[in-house]
Amino acid sequence: GGKAELYQALMAELQRPVAALVDAALHDERPPLERLRLLLARSLAYLEQDPAYRASMELSLFRTGREPDLEAGLAQKIAGQRALRAHIAELVRQAQATGAVRADADPQAAAMALLGLLNGVALIWLLDPQGFSPAAQAEALADTLLRGLAARDGTT
């Protein structure tokens, strides 16, 4: 294949470990709100801990334009983001059913907020890696977001 196919294969390979990490968090046996916390904390820490994943994020965010020959790869990435957003929204619904998440919380908005936290922290850290440590702050960041969703006393 051409450069586009090589790029897509490289990105898929570099993303495979984090995809497995996300999948494991989403399908863990813990209660839904704890799985969301696990997803956030592990994903944020992994960004700093795995140089290959970090490099793929930098390549994807800062060095890849919207070239026509990369559209298939972009469509795959969009489909993956949509699927992840749907899984997260479903976990929020499950947590609502158990009473762990406020009944008035919008699951789609919560999923967007969670993904926004992940992507925003990644972008900020990749631009300024000396500014803070995602791994060191992963649990505090996860808890801060989830306290806004939590019912009762706000603990996760």
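Being a predicted model, the structure only gives us computed values, none of them experimental.

A.B. asks: Sorry if this is basic, but what is going on with the nonpolar core here?
C.D. replies: Nonpolar side chains tend toward joint burial in soluble globular proteins. Core analysis: the biggest nonpolar cluster contains 41 residues, and Leu 36, Leu 40, Ile 88 and Leu 114 have the highest contact counts within it. Every element with two or more residues in this core is listed here: helix H1 (3-26), helix H2 (32-49), helix H3 (51-62), helix H4 (71-98), helix H5 (107-127) and helix H6 (134-147). Apart from the residues within four sequence positions on either side, Leu 36 is in contact with Ile 88, Leu 91, Val 92, Leu 114 and Leu 146.

A.B. asks: Explanation requested: the layout of surface pockets in the structure shown.
C.D. replies: Empty space among the atoms becomes apparent when a probe as large as a water molecule is rolled across them. Considering only enclosed or pocket space, the largest pocket measures out at about 1300 Å³ in volume. Every residue lining the largest pocket is counted, 40 residues in all, and those nearest its centre are Gln 15, Met 57, Ser 60, Lys 77 and Gln 81. Mapped onto the lining of the largest pocket, the elements with two or more residues apiece are H1, H2, H3, H4 and H5. Among the residues making up the lining of the largest pocket, the classes are represented as 22 nonpolar, 12 polar and six charged.

A.B. asks: I would appreciate a short explanation of a nonpolar patch on the surface in the present structure.
C.D. replies: Residues Leu 61, Phe 62, Leu 123 and Leu 127 make up a contiguous nonpolar surface patch of roughly 360 Å² in combined accessible area. Mapped by element, the contributors of at least two residues to the nonpolar patch are H3 and H5. The residue Phe 62 is located in helix H3 in this model.

A.B. asks: Just to check I follow, could you spell out the environment of Ala 86 for this structure?
C.D. replies: Inspection of the secondary structure puts Ala 86 in helix H4. Take Ala 86: its relative accessible area is 42%, and that puts it in the partly exposed class. With 25 residues separating them along the chain, Ala 86 and Ala 111 place their C-alpha atoms 7.6 Å apart.

A.B. asks: For this particular structure, what's the right way to read the packing of aromatic side chains?
C.D. replies: The relative placement of two aromatic rings is captured by the distance of their centres and the angle of their planes. Per the stated rule, a full pass over the model turns up one aromatic pair. Both rings, one in Tyr 46 and one in Tyr 53, keep their centres 5.4 Å apart while their planes meet at 45°; by these two values the pair is tilted. Of the two residues, Tyr 46 and Tyr 53, neither departs from the other in class, the shared state being buried.

A.B. asks: What's the story with H1 in this structure? I'm lost.
C.D. replies: Along an α-helix, a turn takes 3.6 residues, which lines up residues three or four apart on a common side. In this model H1 runs 33 Å from its N-terminal to its C-terminal C-alpha over 24 residues, within 8% of the 34 Å that 1.5 Å per residue would give. If you look at H1, its biggest bend is around 40°, right at Arg 16, and the proline Pro 17 turns up within four residues after that. Those residues of H1 lying buried are Ala 4, Met 11, Val 18, Leu 21, Val 22, Ala 25 and Leu 26. Among the structural elements, H2, H3 and H4 are those in contact with the buried residues of H1.

Reading the values: rules and limits
Residues numbered from 1 in each chain as written. Predicted model: local features only at pLDDT ≥ 70, side-chain atom pairs only at ≥ 80, totals over all residues. Heavy atoms only, no water. Core = buried A, V, L, I, M, F, W, Y, C linked by side-chain atoms within 4.5 Å. Buried < 20%, exposed > 50% of the residue type's maximum accessible area, 1.4 Å probe, protein only. Helix = DSSP H or I, 4+ residues; strand = E, 2+ residues; numbered from the N terminus. Contact = heavy atoms within 4.5 Å. 1 Å grid on protein atoms, 1.4 Å probe; cavity = no way out; pocket = protein on both sides within 12 Å on 5 of 7 lines; lining within 4 Å. Points joined across faces, edges and corners; volume = space filled by probe spheres on them. Nonpolar A, V, L, I, M, F, W, Y, C, P; charged D, E, K, R; others polar. Patch = residues over 30% accessible without salt bridge, like charges linked within 9 Å, V, L, I, M, F, W, Y side chains within 5 Å. Areas by Shrake-Rupley, 256 points an atom, 1.4 Å probe, with all protein chains shown as cover. Salt bridge = Lys/Arg side-chain N within 4 Å of Asp/Glu carboxyl O. Phe/Tyr/Trp six-rings, centres within 6.5 Å; stacked < 30°, edge-to-face > 60°. Expected span 1.5 Å × (residues − 1). Bend = angle between axes of the 7 residues up to and from the residue.

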